[in-house]
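So the chains spell out like this:
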Amino acid sequence: MTPQTASMDGSLVGVYRPAGPVFVAGSGSWLEDDGGRQYLDFTSGLGVAALGHDSAVVAGAVRRALDAGLVHTSNLYRTRPAPALAEWLTEHSFADAVFFSNSGAEANEAALKFARRWGRKGGAAKTEIVALRSSFHGRTFGALSATDRAAFRTPFEPLLPGVRIVDPAEPGALESAITAERTAAVIVEPIQGEGGVRPLPEGLAERLNALCHAAAALLIVDEVQVGLGRTGELWAYTAAGLHPDIMTLAKPLAGGLPMGATLVTRQVAESIEPGDHGSTFGGGPLVATAALAVCQTIATLPFLAGVRERGRLVDARLAALAGRREVREVRGVGLMRGIELVGVPAGDVVGRALGRGLLVCAAGPDVVRLLPPLNIDIDDLEHGLELLEASL
Ligand SMILES: *Cc1c(COP(=O)(O)O)cnc(C)c1O
């Protein structure tokens, strides 16, 4: 069998189907292809380039790290940026300690391993993980085991044992899955991203908090996509009403450079010993310097107010779309939005938008997803929403 490959990229393993243009430059919310055509980017590289494509904040931080000549030393040695970033993250969240890695899947792998380690304390056998219907937590084996998408899972089975995927709408299902004897942790996205931009159903946060509390199970909140300002709040768990013991971050964290983080409470941190986990690249000085600059930029009140203002503008435009025949529902908050379609595959709209110079992505077969840069110009945002309307 020949893998499906784009002509120019024949030497890449065919796991992706990249769309036509070849991008050679970026500026703010715009990308430029090799023919000089400009595209308005409502994906920000899947929520990664949260400050846009040529952020002076990211470039300045990277330049400082390069000028210091310190890109990587490994975790055999101490440097300053990673502890400074960890201190910032713990001061601005529920957490007391942080582990750094290089992606969302890795951040979740660490969360699952830390949960198991914690669940084995004092000879206990709390090893099970509970994940939710239509979840996405990543493509490595542990994270994939907690991911509810048959197409991603089935070719790679058997997956990690002891992970249960539960439909919280099924009466009693969560209650019987989460037990004091066996459950180490429950993992949840405050708004499911790849699963179709689905906020938590009413009352589920309180149920999860209560069930985890009653069973002494950890609550892992996966904020890889929604964290760091995407919703207009610094973290999504606060507005969702979730009480995490562990939180995972990645996509926007280092402004485009690869970085993941697993934030934990003191009681989780205390169950981890030297040697339990590790990452050669994790928390290197270059990425940590960039990440601290990104975090400090996003966490300011005017910046977050700016995201909420942009979110209100999107609300108004999407409310108008919601009445259209081919739109079943519009979901999401801030600058994370999903438009569920009826009778039109999301891929068709993504393709038509591309033809008009607008980049949007799908979240499953029926949902068009918008993840524009958090600091997108208001004019660009309005222009993009017009292009989107025309593409529907
Ligand atoms: C993207 C994503 C991941 C996986 O991140 P990678 O960096 O691709 O490994 C995990 N969880 C959520 C919620 C995501 O959106």
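Residues numbered from 1 in each chain as written. Predicted model: local features only at pLDDT ≥ 70, side-chain atom pairs only at ≥ 80, totals over all residues. Heavy atoms only, no water.

Enquirer: Tell me what's going on with the overall build of the chain, and back it up with residues and numbers.
Expert: A tally of regular secondary structure across the chain gives 14 helices and 17 strands. For 392 residues, the compact-globule estimate of 2.2 N^0.38 gives 21 Å, and the chain sits close to it at 21 Å. Across the 392 residues in the chain, those meeting the buried criterion constitute 52%. Taking all contacts inside the chain whose residues are at least 6 apart in sequence as the whole, residues at least 24 apart take part in 71%. Here the chain displays about 17,600 Å² of accessible surface, and carbon together with sulfur accounts for 55% of that area. Looking at charge distribution, the chain has the averaged site of its 35 positive side-chain charges lying 3 Å from that of its 43 negative ones. (Helix = DSSP H or I, 4+ residues; strand = E, 2+ residues; numbered from the N terminus. Rg over C-alpha atoms; globule rule 2.2 N^0.38 Å. Buried < 20%, exposed > 50% of the residue type's maximum accessible area, 1.4 Å probe, protein only. Contact = heavy atoms within 4.5 Å. Areas by Shrake-Rupley, 256 points an atom, 1.4 Å probe, with all protein chains shown as cover. Lys, Arg positive; Asp, Glu negative; His and termini not counted. Charge placed at Lys NZ, Arg CZ, Asp CG, Glu CD.)

Enquirer: Let's hear about the site of the ligand: which residues, and what values?
Expert: Around the ligand, a shell composed of 13 residues is seen, among which Gly104, Ala105, Asp222, Gln225 and Lys251 lie nearest. Take Ala105: an N or O atom from its main chain is 2.8 Å from an oxygen atom of the ligand. For the ligand, whose accessible area on its own is 380 Å², the fraction buried by protein is 81%. Counting residues per element, the shell around the ligand draws most heavily on helix α4 (residues 104-119), at three residues. (Near = heavy atom within 4 Å. Polar contact = N/O pair within 3.5 Å; in protein donor to acceptor, adjacent residues only side chain to side chain.)

Enquirer: Summarise the packing of helix α2 (residues 56-68) against helix α11 (residues 285-298); cite the residues concerned and give the values.
Expert: Following both chains from N to C, one finds α2 and α11 inclined at 150°, their axes separated by 8 Å at the closest point. Seen along the crossing, α2 lies across α11 with a hand that is right-handed. Where α2 approaches α11, its residues Val57, Val58, Ala61, Val62, Arg64, Ala65 and Leu66 are matched on the opposing element by Pro285, Leu286, Thr289, Ala290, Ala293, Val294 and Thr297. Split into classes, the residues belonging to the contact of α2 with α11 amount to 11 nonpolar, two polar and one charged. (Axes fitted to C-alpha atoms, helices over the stretch in contact; angles between N-to-C directions. Left-handed = near helix turned anticlockwise from the far one by under 90°. Nonpolar A, V, L, I, M, F, W, Y, C, P; charged D, E, K, R; others polar.)

Enquirer: Describe the packing of aromatic side chains, listing the residues and the values that go with them.
Expert: All chains considered together, the criterion is met by four aromatic pairs. Geometrically, the ring pair formed by Phe99 and Phe114 is edge-to-face, given 5.7 Å between the ring centres and 85° between the ring planes. Of the two residues, Phe99 sits in strand β4 (residues 97-101) while Phe114 sits in helix α4, which places them 15 residues apart along the sequence. Accessibility classification places Phe99 together with Phe114 in one group, the buried group. Cation over ring: Arg139 sits above Phe152, and NZ or CZ is 3.8 Å from the ring centre. (Phe/Tyr/Trp six-rings, centres within 6.5 Å; stacked < 30°, edge-to-face > 60°. Lys NZ or Arg CZ within 6 Å of the ring centre and 35° of its normal.)

Enquirer: Account for the sheet that holds strand β17 (residues 367-370), naming residues and giving values.
Expert: One open sheet accounts for four strands, arranged β13-β14-β17-β16; its pairing is antiparallel. Unpaired on one side and paired on the other, β13 (327-333) and β16 (361-362) mark the two borders of the sheet. In this sheet, β17 lies alongside β16 in antiparallel orientation, the contact comprising two bridges. Pairing of Ala362 across the sheet is with Val368, part of β17. This element, helix α12 (residues 301-321), spans β13 and β14 (336-341) of the sheet and lies at about 5° to β14. (Pairing = 2+ DSSP bridges.)

Enquirer: Residues and numbers for the pairing of strand β1 (residues 23-27), please.
Expert: Here β1 runs beside strand β2 (residues 30-33); their pairing, made up of four bridges, is antiparallel. Bridge pairing in β2 places Ala25 opposite Glu32.

Enquirer: How would you sum up the sheet that holds strand β11 (residues 246-249)? Please name residues and give values.
Expert: Ordered in space as β4-β12-β11-β10-β7-β5-β6, the seven strands form an open sheet in which the pairing is mixed. Every interior strand has two partners, whereas the edge strands, β4 and β6 (163-166), have only one. Strand-to-strand twist across the sheet, computed as the mean angle between neighbouring axes with direction ignored, equals 20°. Of the pairings in the sheet, the one linking strand β5 (residues 128-132) to strand β7 (residues 183-188) comprises three bridges and is parallel in character. Residue pairing across strands places Val130 opposite Val186, the latter belonging to β7. Lying over the sheet, α4 contacts β4, β5, β7, β10 (218-222), β11 and β12 (260-264), oriented at roughly 30° with respect to β12. Here helix α8 (residues 204-215) sits on the sheet in contact with β5, β7 and β10, set at roughly 145° to β10.

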